[in-house]
Amino acid sequence: MKRQSRRWCANWKEELSIQIAIADLTYLGHFSDHAVNEPGYVVEADVYRVQGVSSVTPAAEIAEIAWVNPTAPTTLRLAPLTQQQLLPLVAAF
């Protein structure tokens, strides 16, 4: 788990321009759902909670970032994994 956490910290630095210490991560679980744009495929995600990050900047392969209130309706088209599993999870915090 620690090796995977190090990899994610490096990935978040590259893709979101944020520094995260492994000690600041709380593993919430592994989730999966069907891929919205690729029929027959499944998206899998290891989800972490991170506290203390106040801003992120899209970088590398990330084109844009949108903040979504997990308890309010949105007009954004969200993937099933996000809409049905992750937003309810986040709303519990």
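Shown above is the structure to which this text applies.
Everything in this summary refers to the structure shown in the same document.

Here the focus is the overall build of the protein chain. For the protein chain, the helix and strand inventory stands at two helices and two strands. Secondary structure elements in the protein chain, listed N-terminal to C-terminal, are α-β-β-α. Its C-alpha atoms give the protein chain principal-axis dimensions of roughly 35 × 30 × 25 Å. Relative to its full complement of 93 residues, the protein chain shows a buried share of 22%. Once local pairs closer than 6 in sequence are excluded, the contacts in the protein chain between residues at least 24 apart make up 48%. Carbon and sulfur atoms make up 51% of the accessible area of the protein chain, which totals about 6900 Å².

In this structure, C9, W12, L16, I18, I20, L25 and Y48 together form the largest nonpolar core, which totals seven residues. Once you skip the residues sitting within four places of it in the chain, L25 turns out to touch S5, C9, W12, I20, Y48, R49 and V50. Counting residues in each nonpolar core, the second largest holds five residues, with F31, A45, L81 and L86 among its members.

Okay, the environment of P88 next. One can find P88 in helix α2 (residues 80-91). Taking the C-alpha atoms as reference points, P88 and T71, separated by 17 residues in sequence, lie 7.7 Å from one another. Apart from residues no more than four positions distant in its own chain, P88 is found in contact with T82 and Q83.

With the rule as written, the count across this model stands at three aromatic pairs. With centroids separated by 5.8 Å and ring planes inclined at 80 degrees, the aromatic side chains of W12 and Y48 adopt a geometry described as edge-to-face. Remark: Y48 occurs in strand β2 (residues 42-50) and W12 occurs in helix α1 (residues 2-16); sequence separation between them is 36 residues. Residue W12 is classed as buried on the basis of its relative accessible area of 17%. Take Y48: its relative accessible area is 12%, and that puts it in the buried class. Clustering of aromatic rings is evident, with ring pairs tying together W8, W12, Y27 and Y48.

This part takes up the side chain of D33. Mapped onto the elements of the fold, D33 is located in strand β1 (residues 25-34). A polar contact is formed between the side chain of D33 and the side chain of Q85, at a distance of 3.3 Å.

About the criteria used
- Residues numbered from 1 in each chain as written.
- Predicted model: local features only at pLDDT ≥ 70, side-chain atom pairs only at ≥ 80, totals over all residues.
- Heavy atoms only, no water.
- Helix = DSSP H or I, 4+ residues; strand = E, 2+ residues; numbered from the N terminus.
- Buried < 20%, exposed > 50% of the residue type's maximum accessible area, 1.4 Å probe, protein only.
- Contact = heavy atoms within 4.5 Å.
- Areas by Shrake-Rupley, 256 points an atom, 1.4 Å probe, with all protein chains shown as cover.
- Core = buried A, V, L, I, M, F, W, Y, C linked by side-chain atoms within 4.5 Å.
- Phe/Tyr/Trp six-rings, centres within 6.5 Å; stacked < 30°, edge-to-face > 60°.
- Polar contact = N/O pair within 3.5 Å; in protein donor to acceptor, adjacent residues only side chain to side chain.

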